[in-house]
Amino acid sequence: MPGASELPGEFDLIARYFAPLSAGMPGALGLTDDACTYAPPPGYDLVLTVDAMVAGIHFLPDDPAASVARKLLRVNLSDLAAKGAMPVGYLMTTAFTAETDADWVAGFAAGLAADQREYGIGLMGGDTIATPGPLSLTLTALGIVPTGRALRRNGARPGDVVLVSGTIGDGALGLKVLRHEFLDLPPAERRFLEDRYHLPQPRLRLGQALLASNLVHAMMDVSDGLVGDLGHIAEASGVGAILEAAAVPLSAAAAGLLADAPDLLPLILTGGDDYELLLTAAPDAVNDLLALGAEIGTPLSVVGCIPGHAAGERPVRVIDRDGVELNLATGGYRHF
């Protein structure tokens, strides 16, 4: 991210680019103090989640600064959505390199400002440091949820159905597009997949509605891949799971690519960067949940079930439309 505009000093940088993002957050004190204060409303629990992004690992070095900022914020908001929480604000640590210039930081702050307006939140505090590299960013999001009501991943029950929101595989395919694969893809589909990688859509409204429905037994967001994250639900709940590959919802762009290259199926099922909601519920709740998704404008699809056996060595069995088990090399993204 080289450029001609050098960064100002630490405190000038904070005052110029980040202090304006704290407007509307009284406890942040304009980022002039060492900490922020926040009291949740009576009857609510705090929900906190943190994610880190590193250049060259979680985003491409030439990705636009604004989209990096928005993805950093949105992947955390997706975690809040999975709890049924309403977002309040966030803390952030930025570790800039010598190559990070003022134009990049300005674009980064502008991306945060755009999403703050969209989601009604503000910056509550953080830290700004220098690093020899790579550029590293960490964000902690805060939300609130009615006391004792936060949805968890450990509530799946034998006999449950498995549902997922939106479409799966677009983020992983979008990364391939950005790496100059699928060169014959129509421009509109290329832009769609790139946007799905750069700009996740945290399902906050859906998550809050699912919590209010009292129909969901377990829920989490899909960040490391559908198979791997269903495995997390299965293991936390002490159950096994079956995923029906043919039932997994796909966008038109992903379906077209899969039709031409069936060997993309493992990537779609395990590639991650979907940031959709994955949940289990009783069979008699399915119609109500499908109607709720339609009302919210984020469709839900039934993609599998929780059979009556405990999780084994392979917590998720993936089957094709004929019921034949697929042997996937990996269940999802692993950080280590």
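Rules behind the numbers
The residue numbers shown here count from 1 along each chain, following its written sequence. Restriction of local features to residues with pLDDT of at least 70 applies here, the model being predicted, together with a cutoff of 80 or more for giving and counting side-chain atom pairs; totals for whole chains, interfaces and linings are based on all residues. Computation of side-chain values covers all heavy atoms of the structure but excludes hydrogens and water. Lines fitted to C-alpha atoms define the axes, with helix axes restricted to the stretch in contact, and inter-axis angles between N-to-C directions lie between 0 and 180 degrees. For helices the rule is a DSSP run of H or I covering at least 4 residues; for strands it is a run of E covering at least 2, with both sets numbered from the N terminus onward. By convention the crossing between two helices is left-handed if the near helix lies anticlockwise of the far one by an angle smaller than a right angle, and right-handed if it lies clockwise. Contact definition: two residues touch when any of their heavy atoms are within 4.5 Å. Residues are grouped as follows: Ala, Val, Leu, Ile, Met, Phe, Trp, Tyr, Cys and Pro are nonpolar; Asp, Glu, Lys and Arg are charged; all remaining types, including Gly, are polar. A 1.4 Å probe rolled over the protein chains alone gives each residue an accessible area, and that area as a share of the maximum for its type sets the label: buried under 20%, exposed over 50%, partly exposed in between. Taken from the helix axis, the directions to the C-beta atoms give the arc we talk about. Each pair of strands is called paired provided DSSP finds at least two bridges between the two strands. The definition of a right-handed crossover adopted here requires that, viewed with the strands pointing away, the path from the first strand over the helix to the second runs clockwise.

A. Quick look at the packing of helix α6 (residues 204–213) against helix α10 (residues 286–296). Interaxial distance between α6 and α10 falls to 10 Å at its minimum, and their mutual angle equals 145°. Considering the relative orientation of α6 and α10, their crossing is right-handed. From α6, R205, L206, A209, L210 and S213 reach across to α10, where they touch L289, L292, G293 and I296. Residue classes in the contact of α6 with α10 are distributed as six nonpolar, two polar and one charged.

B. Representation of α10. Buried within α10 are the following residues: V286, L289, L292, G293 and I296. Buried residues of α10, seen end-on, are gathered within an arc of 125° and therefore sit on one face of the element. Of the exposed residues in α10, the ones pointing more than 90 degrees away from its buried face are N287, A294 and E295. Each element contacted by the buried residues of α10 is listed here: β5 (161–165), α6, β6 (216–221), β8 (277–281) and β9 (300–305). Just downstream of α10 lies G297, where phi reads positive at about 95°.

C. Examining the sheet that holds strand β4 (residues 136–146) more closely. Reading across from one edge, β1-β4-β2-β3 is the order of the four strands in this open sheet, with mixed pairing throughout. Each having just a single partner strand, β1 (44–54) and β3 (122–130) make up the two edges of the open sheet. Put simply, the sheet's adjacent strands are angled 15° from each other on average, direction ignored. Strands in contact with helix α1 (residues 10–18) are β2 (86–96) and β3; relative to β3, the strand with the most contacts, it is inclined by about 150°.

D. Seen up close, the pairing of β2. Buried residues dominate β2, accounting for eight of its eleven residues. Here nine bridges tie β2 to β4, and the two strands are oriented antiparallel to one another. Across the sheet, T94 pairs through a bridge with L137, a residue of β4. With eight bridges joining them, β2 and β3 adopt parallel strand pairing. By the bridge assignment for β3, A95 is matched with I129. As for the winding sense of the linkage, the β-α-β connection from β2 through helix α3 (residues 102–119) to β3 is right-handed.

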